[in-house]
Amino acid sequence: QLVYLTGDNAAGKTSLGQYIADKHNGWTCVDGDEFIDNDPQLRELLLFASGSVINLMRGTFGDENLIEEVKTHDAEVRIAWEPMFRAIFEKLKQLKASKIVFVYHIWRQWIADVFREYFPTSGIVEVQVTRSVLLDRFVDREVKDGRDHETLWRVDQGERFAMLRRMYGPEYKGNEDNYKTFIEWRFYFYREPF
C-alpha cells in the first residue's frame, strides 16, 4: 500500500506524513527530499532536471500571464523531469515496507499518471492550506534556519536579494509582503489541478 502525499512547499506534507506513520501501525513515512538526497542517482537526476528547466517552471517574475507562459514549456519540463520521477517510483517499489506514505511534489497531471503506472491501486492525497499560511510558514522556516532577512536584504550580493533591492529599495522593513510575493514566484510553481 502506498499513499502519495503531495502539496505546496510548507503545506505540512512531511508533518502529516510522519503523523500518519506514527499513529497507524505498520506505516512508514518516506520524505521524498530525503529519499532523493540519500541516493546519488536520484540526486543527479534532480540536479539535471532542476538545472535545465527550473526557470521555465517559474516563468518571468511579475508577468501578468505567468501561468500561460509556464504552460507553454510543459513538454520541455516533462522531458527533463520524467526520468527522475520514474527512477523514484522504481526505487519505491524496491522498499521492504508494505505500507508507505510517500511525501513529495506533483506539479502536473502527467506525474500522477506515471505514479499510477507503477502503483495502480495506490492513492494520492493533496494537502492544501491558504496561500497566506504557506508564505508565512516559508518565511518562518527561513527565520528558524537562522536567516536574518533585514541583514540579508541590505548586504547579501546573491541574485535573490540583489533583485529585491533593485525592485523594492534598500530595506526589508516595509517590504515584507513584497518578499512574500517574490517567494511565491520563486518557490511555488504553477500546479496543474489533477
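Quick look at the structure, then. Nothing here was measured: the structure is a model prediction, and the numbers come from that model.

Here is what the cut-offs are and how they apply
Residues numbered from 1 in each chain as written. Predicted model: local features only at pLDDT ≥ 70, side-chain atom pairs only at ≥ 80, totals over all residues. Heavy atoms only, no water. Helix = DSSP H or I, 4+ residues; strand = E, 2+ residues; numbered from the N terminus. Rg over C-alpha atoms; globule rule 2.2 N^0.38 Å. Buried < 20%, exposed > 50% of the residue type's maximum accessible area, 1.4 Å probe, protein only. Contact = heavy atoms within 4.5 Å. Areas by Shrake-Rupley, 256 points an atom, 1.4 Å probe, with all protein chains shown as cover. Lys, Arg positive; Asp, Glu negative; His and termini not counted. Charge placed at Lys NZ, Arg CZ, Asp CG, Glu CD. Pairing = 2+ DSSP bridges. 1 Å grid on protein atoms, 1.4 Å probe; cavity = no way out; pocket = protein on both sides within 12 Å on 5 of 7 lines; lining within 4 Å. Points joined across faces, edges and corners; volume = space filled by probe spheres on them. Axes fitted to C-alpha atoms, helices over the stretch in contact; angles between N-to-C directions. Salt bridge = Lys/Arg side-chain N within 4 Å of Asp/Glu carboxyl O.

### A short note on the overall build of the protein
Stage number 1. Scanning the protein from N- to C-terminus turns up 10 helices and four strands.
Stage number 2. When the elements of the protein are put in sequence order from the N terminus, they spell out β-α-β-α-α-α-α-β-α-β-α-α-α-α.
Stage number 3. A compact globule built from 194 residues would reach a C-alpha radius of gyration of about 16 Å, and the protein, at 18 Å, matches this within 12%.
Stage number 4. Along the first, second and third principal axes, the C-alpha set of the protein runs to 55 × 40 × 30 Å.
Stage number 5. For the protein, buried positions account for 43% of its 194 residues.
Stage number 6. Across the protein, the fraction of contacts at a sequence separation of at least 24, relative to all contacts at a separation of at least 6, is 70%.
Stage number 7. Of the roughly 10,800 Å² of accessible surface on the protein, a fraction of 50% belongs to carbon and sulfur atoms.
Stage number 8. Each charge class in the protein was averaged separately, 26 positive and 32 negative side chains, and the resulting centres sit 4 Å apart.

### Overview of the pairing of strand β3 (residues 99–103)
Stage number 1. With respect to burial, β3 is a largely interior element, four of its five residues being buried.
Stage number 2. Relative to β3, strand β1 (residues 2–7) runs parallel, the two sharing four bridges. Bridging from a neighbouring strand, Val 3 pairs with Val 101 of β3.
Stage number 3. Across five bridges, the pairing between strand β2 (residues 27–31) and β3 is parallel. Residue pairing for β3: Asp 31 is matched across the bridge by Val 103.

### Details of the layout of surface pockets
Stage number 1. Reported here for the largest pocket is a volume of approximately 910 Å³.
Stage number 2. What lines the largest pocket is a set of 36 residues, and nearest its centre among them are Asn 9, Asp 33, His 105, Phe 138 and Phe 187.
Stage number 3. Of all the secondary-structure elements, those providing two or more residues to the lining of the largest pocket are α1 (13–23), α2 (32–37), α3 (40–58), α7 (131–144) and α10 (176–187).
Stage number 4. Residue contributions to the lining of the largest pocket peak at six residues, all from α3.

### What to know about the environment of Lys 96
Stage number 1. Take Lys 96: it is sitting in the loop between α5 (74–93) and β3.
Stage number 2. The exposed category is assigned to Lys 96, whose relative accessible area is 83%.
Stage number 3. Taking the C-alpha atoms as reference points, Lys 96 and Glu 76, separated by 20 residues in sequence, lie 34 Å from one another.

### Points about the sheet that holds β1
Stage number 1. Here we have four strands laid out as an open sheet, ordered β2-β3-β1-β4, and parallel in their pairing. Strands with a single pairing partner mark the edges of an open sheet, and in this sheet they are β2 and β4 (123–127). Taking the axes of each pair of neighbouring strands and ignoring which way they run, one obtains an average angle of 20 degrees across the sheet.
Stage number 2. The pairing of β1 with β4 spans five bridges and is classified as parallel. Opposite Thr 6, over in β4, you have Glu 126 as the bridge partner.

### Here's the deal with the environment of Leu 5
Stage number 1. Relative to the assigned elements, Leu 5 resides in strand β1.
Stage number 2. Distance in space between the C-alpha atoms of Leu 5 and Tyr 104 is 6.5 Å, their sequence separation being 99 residues.
Stage number 3. Once you skip the residues sitting within four places of it in the chain, Leu 5 turns out to touch Lys 13, Leu 16, Gly 17, Val 101, Phe 102, Val 103, Tyr 104, Val 125 and Val 127.

### Overview of the side chain of Lys 13
Stage number 1. Mapped onto the elements of the fold, Lys 13 is located in helix α1.
Stage number 2. Among buried charged residues, Lys 13 stands out as having no salt bridge; its nearest opposite-charge side chain is Asp 33, 6.6 Å away.
Stage number 3. Contacts of Lys 13, omitting those with residues within four sequence positions, involve Leu 5, Thr 6, Gly 7, Asp 8, Val 103, Tyr 104, His 105 and Val 127.

### Thoughts on the pattern of salt bridges
Stage number 1. For the structure on display, the rule yields 15 salt bridges.
Stage number 2. The shortest N-O distance in the salt bridge between Asp 37 and Arg 43 comes to 3.3 Å.
Stage number 3. With relative accessibility at 47%, the residue Asp 37 sits in the partly exposed group.
Stage number 4. For Asp 136, the salt bridge goes to Lys 180, with nearest N and O atoms at 2.4 Å. With Asp 136 in helix α7 and Lys 180 in helix α10, this pair connects stretches of sequence that are 44 residues apart.
Stage number 5. In this structure, a network of salt bridges that share partners links the residues Asp 8, Glu 126, Arg 131, Glu 184 and Arg 191.

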